[in-house]
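Each chain is listed here by its residues.
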Amino acid sequence: MKQITVLALISLMVLFLSFFIPSSVALIGKDVGVKEGDWMEYDVSADGTGSLPPSHDVRWMRMEVLTVDEVAFSVNFTVRYTNGTWGSAIWKFNFVEGNTEGWTIIPANLGAGDTFFDSYISDEIVIQYEEQRTVLGAPRTVTGGSDELREVKEWDKDTGFFIRSVEVYRNNTNSEGYYIGDLSVTIQAVATNIWNRQILGLDQTVFALIASGLVIIVVISVSALIIWQRKKSTKLCA
């Protein structure tokens, strides 16, 4: 009887593992950290020999999340070209399928040693480091990775938004047949609505509330003092 009970328990454990462990593993690296309305803006600069193709000669860009549906979401990309003209496009992301659109947004909460799948190159990309840093006025956890093209690619860990990249083009001919000799392109985040800047270690919203409260206290205190002095003067005159 005891043997039958033990075998039954083992069978239940195996059944449990076969159903739940693959599901848990399948979710690793697919956490969406963005929500509708999140946006980030970037300045773009290029140094070196040659110039970018006209279709990529951008000096400013903005990414704004439009819709989120579990592991899939859409982002509106707006860019300003060197010649002053503007362009926009909607990019589709899907972490299950590996659509990360040049690693511009990756799964959230990945740490050093974790990976995410990039369907464009059909390979797993490794998060190479993680560190604490002040980004756009607030302390954030920053992760980074690289490959032959991306000398540096860094993300905000909590959201997966990229915050900085350095891409190097040497003796490169793109799909449009445009040749680039030796050029380094840096993209740096300059503004976002995802988090607030901090003042004296406090979120600026919290700081503003505290400052407003202090101002109100000072005003009430001064008003009370003036009223007290007036009442005192009236009594002395009487």
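Shown above is the structure to which this text applies.
Residues numbered from 1 in each chain as written. Predicted model: local features only at pLDDT ≥ 70, side-chain atom pairs only at ≥ 80, totals over all residues. Heavy atoms only, no water.

(A) Looking closely at the overall build of the protein chain. Looking only at helices and strands, the protein chain features two helices and 13 strands. A buried classification covers 33% of the 238 residues belonging to the protein chain. Long-range contacts, defined as pairs at least 24 residues apart, comprise 43% of the intrachain contacts of the protein chain with a sequence gap of at least 6. As displayed, the protein chain offers around 14600 Å² of accessible surface, 60% of which is attributable to carbon and sulfur atoms. (Helix = DSSP H or I, 4+ residues; strand = E, 2+ residues; numbered from the N terminus. Buried < 20%, exposed > 50% of the residue type's maximum accessible area, 1.4 Å probe, protein only. Contact = heavy atoms within 4.5 Å. Areas by Shrake-Rupley, 256 points an atom, 1.4 Å probe, with all protein chains shown as cover.)

(B) Here's a closer look at empty space enclosed by the protein. Following the criterion strictly, the structure yields one cavity of 30 Å³ or more and no others. Of the residues that constitute the lining of the largest cavity, the class distribution is six nonpolar, two polar and two charged. (1 Å grid on protein atoms, 1.4 Å probe; cavity = no way out; pocket = protein on both sides within 12 Å on 5 of 7 lines; lining within 4 Å. Points joined across faces, edges and corners; volume = space filled by probe spheres on them. Nonpolar A, V, L, I, M, F, W, Y, C, P; charged D, E, K, R; others polar.)

(C) Region of interest: the side chain of serine 165. Positionally, serine 165 belongs in strand S10 (residues 162-173). The residues touching serine 165, leaving out its near neighbours within four places in the chain, are Val152, Lys153, Val185, Thr186 and Ile187.

(D) Region of interest: the packing of aromatic side chains. Inspection of every chain in the model, using the stated rule, returns eight aromatic pairs. Arranged with centres 5.4 Å apart and planes meeting at 75 degrees, the rings of phenylalanine 73 and phenylalanine 95 form a pair that is edge-to-face. Residue phenylalanine 73 is located in strand S3 (residues 72-81), and its partner phenylalanine 95 is located in the loop between strand S4 (86-94) and strand S5 (115-118); the two are separated by 22 residues in the primary sequence. Residues phenylalanine 73 and phenylalanine 95 agree in their burial class; the two are buried. With a centroid separation of 5.9 Å and 90 degrees between ring planes, the pair formed by tryptophan 103 and phenylalanine 116 is classed as edge-to-face. (Phe/Tyr/Trp six-rings, centres within 6.5 Å; stacked < 30°, edge-to-face > 60°.)

(E) Local environment of the environment of tyrosine 178. For tyrosine 178, the position within the fold is in the loop between S10 and strand S11 (179-192). The spacing of tyrosine 178 and leucine 52 is 126 residues in sequence and 8.4 Å in space, taken between C-alpha atoms. Sequence-distant contacts of tyrosine 178, that is, excluding residues within four places in its chain, are made with Ser51, Leu52, Pro53, Pro54, Asn172 and Thr173. A polar side-chain atom of tyrosine 178 sits 3.1 Å from a polar atom in the side chain of serine 51. (Polar contact = N/O pair within 3.5 Å; in protein donor to acceptor, adjacent residues only side chain to side chain.)

(F) Structural detail: the pairing of strand S8 (residues 138-145). Among the eight residues that make up S8, seven are buried, leaving the element largely enclosed by the rest of the structure. Here strand S7 (residues 129-135) runs beside S8; their pairing, made up of seven bridges, is antiparallel. When the bridges of S8 are listed, glutamine 132 appears paired with threonine 141. Counting the residues between successive antiparallel strands, the hairpin from S7 to S8 contains two residues, one of them, leucine 136, with a positive phi of roughly 50 degrees. When S8 meets strand S9 (residues 150-156), the two strands line up antiparallel, connected through four bridges. (Pairing = 2+ DSSP bridges.)

(G) Structural view of unusual backbone geometry. At glutamate 70, a position not held by glycine, the phi torsion is positive, near 60 degrees. By secondary structure assignment, the location of glutamate 70 is in the loop between strand S2 (58-69) and S3. You can call glutamate 70 exposed: its relative accessible area is 68%.

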